[in-house]
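If you want the building blocks of each chain, they are given just below.
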Amino acid sequence: MARDVILACDFPDARATVSFLQQFKGQKPFVKIGMELFYGAGPSIVHTLKEMGHKIFLDLKLHDIPNTVKKAMRVLSGLEIDLCNVHAAGTVAMMEAALEGLTAPDGKRPQLIAVTQLTSTSSAQLHDELGIPDSMEETVIRYARNAKAAGLDGVVCSPLETRGIKEACGDSFLAVTPGIRYPSDDKGDQTRVTSPADAKRLGSDYIVVGRPITAAPDPVAAYERVLKDFL
Ligand code: C5P
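Residues numbered from 1 in each chain as written. Predicted model: local features only at pLDDT ≥ 70, side-chain atom pairs only at ≥ 80, totals over all residues. Heavy atoms only, no water.

Caption draft 1: Representation of the site of the ligand in the model. Taken together, 17 residues are adjacent to the ligand, and Asp10, Lys32, Arg181, Gly210 and Arg211 come closest. Aspartate 10 is positioned such that a nitrogen or oxygen atom in its side chain is 2.7 Å from an oxygen atom of the ligand. In the model, an oxygen atom of the ligand is placed 2.8 Å from a nitrogen or oxygen of the arginine 181 side chain. Protein chains bury 88% of the 460 Å² of accessible surface belonging to the ligand in isolation. Elements with a contribution of two residues or more to the shell around the ligand: β3 (56-62), β8 (206-209) and α10 (211-214). Of the residues belonging to the shell around the ligand, the class tally is eight nonpolar, three polar and six charged. (Near = heavy atom within 4 Å. Polar contact = N/O pair within 3.5 Å; in protein donor to acceptor, adjacent residues only side chain to side chain. Areas by Shrake-Rupley, 256 points an atom, 1.4 Å probe, with all protein chains shown as cover. Helix = DSSP H or I, 4+ residues; strand = E, 2+ residues; numbered from the N terminus. Nonpolar A, V, L, I, M, F, W, Y, C, P; charged D, E, K, R; others polar.)

As structure tokens, this is what we get:
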């Protein structure tokens, strides 16, 4: 897949999502369905957005025992998704099970990536709350190596960590990066943020952008600005 901007559709239901996306007229942004929308609208939202012509990143961040994740992934493999994810913290065994569940008998499957550390987590939280003594970068790179060892296609990380991950796991290992903000934007709950142009410079393959577009007075213009700065 080529580099792209993934638009995070963090809305409560199908109606709000469809009417938001209808503003984009001829454009068909690559969209992300997260927990709020998937749990609110149900799995049919994937079909609805696929029918409208969008590529789909299903961002459910699975994290459970390997057998449960494998079975859940088998269910998700029946939906028309292009990209989905798990938490790398679930271990290599869990990521291998996820891949197995996601792969159809003919060998076809959507791309699978692993969340390293959420871009809302600060170094202080990593050390003091989660009790992980290594630096954020060391932790993220260890998780990325584990994802690669399990056979995954890439990771979700902050753009600030992309370089180290590409050095450790190779250039074709995908870096999908949320935490995108312009200096004038409200950071909200994100802590490790960069602008679209900096994410490009740092080597992101995909940036995931939500509120800077969905909460903008003119979401189409905001999306076009992000596209122009990232592509
Ligand atoms: O609104 P904002 O641009 O912060 O949205 C970022 C999106 O990316 C959210 O939907 C969030 O769930 C998702 N995400 C993230 N950090 C990760 C993985 C996904 O922010 N590590």
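Caption draft 2: Region of the structure containing the state of the cysteines. Counted according to the given criterion, the structure contains zero disulfides. Just so you know, cysteine 157 is unpaired, no disulfide at all, and the nearest cysteine sulfur is the one on cysteine 169, 9.9 Å from it. Exposure remark for cysteine 157: the relative accessible area of 1% places this residue in the buried category. Judged by its relative accessible area of 4%, cysteine 169 is buried. (Disulfide = S-S within 2.5 Å. Buried < 20%, exposed > 50% of the residue type's maximum accessible area, 1.4 Å probe, protein only.)

Caption draft 3: Spotlight on the sheet that holds strand β7 (residues 174-177). Taken in spatial order, the eight strands line up as β1-β2-β3-β4-β5-β6-β7-β8 and close into a barrel, and their pairing is parallel. Averaged over all pairs of adjacent strands, the angle between strand axes in this sheet comes to 25°, irrespective of strand direction. In terms of strand pairing, strand β6 (residues 154-156) meets β7 through three bridges, oriented parallel. Each residue of the ladder has a partner; that of valine 156, found in β7, is valine 176. (Pairing = 2+ DSSP bridges. Axes fitted to C-alpha atoms, helices over the stretch in contact; angles between N-to-C directions.)

Caption draft 4: Highlighting the pattern of salt bridges. Per the counting criterion, the structure on display carries twelve salt bridges. Salt-bridge contacts for aspartate 82 lead to lysine 50; the nearest nitrogen and oxygen are separated by 2.8 Å. One end of the pair, aspartate 82, is in the loop between α4 (66-76) and β4 (83-87); the other, lysine 50, is in helix α3 (residues 44-51), and 32 residues separate them in sequence. The salt bridge partner of aspartate 198 is arginine 201, with a shortest N-O separation of 3.2 Å. Pair noted here: aspartate 198 and arginine 201 are both in helix α9 (residues 196-202), with a separation of three residues, about one helical turn. Look at the salt bridges and you will find they share partners, linking Lys32, Asp59 and Lys61 into a network. (Salt bridge = Lys/Arg side-chain N within 4 Å of Asp/Glu carboxyl O.)

Caption draft 5: The arrangement of the pairing of strand β1 (residues 4-8) in detail. Counting buried residues along β1, four of its five residues qualify, which places the element largely inside the surrounding structure. Where β1 lies against strand β2 (residues 30-33), three bridges are found, and the strand directions are parallel. The residue of β2 that forms the bridge with isoleucine 6 is phenylalanine 30. Between the parallel pair β1 and β2, the chain is carried across by helix α1 (residues 14-22), and the sense of this crossover is right-handed. (Right-handed = clockwise from strand over helix to strand, strands pointing away.)

Caption draft 6: Region of interest: the packing of aromatic side chains. Following the criterion strictly, the structure yields five aromatic pairs and no others. Ring geometry for phenylalanine 30 against tyrosine 206: centres 5.7 Å apart, planes inclined by 75°, an arrangement best described as edge-to-face. Residue phenylalanine 30 is found in strand β2, and its partner tyrosine 206 is found in strand β8; the two are separated by 176 residues along the sequence. Ring geometry for phenylalanine 38 against tyrosine 39: centres 6.4 Å apart, planes inclined by 65°, an arrangement best described as edge-to-face. Taking the relative accessible area as the measure of exposure, phenylalanine 38 reaches 11% and is therefore buried. Since its relative accessible area comes to 58%, tyrosine 39 is described here as exposed. Members of the aromatic cluster, joined through ring pairs, are Phe11, Phe20, Phe24 and Tyr223. The ring of phenylalanine 230 has arginine 3 lying over it, and the distance from NZ or CZ to the ring centre is 4.4 Å. Across the ring face of tyrosine 182, the terminal group of arginine 225 is positioned such that the distance to the ring centre comes to 3.5 Å. (Phe/Tyr/Trp six-rings, centres within 6.5 Å; stacked < 30°, edge-to-face > 60°. Lys NZ or Arg CZ within 6 Å of the ring centre and 35° of its normal.)

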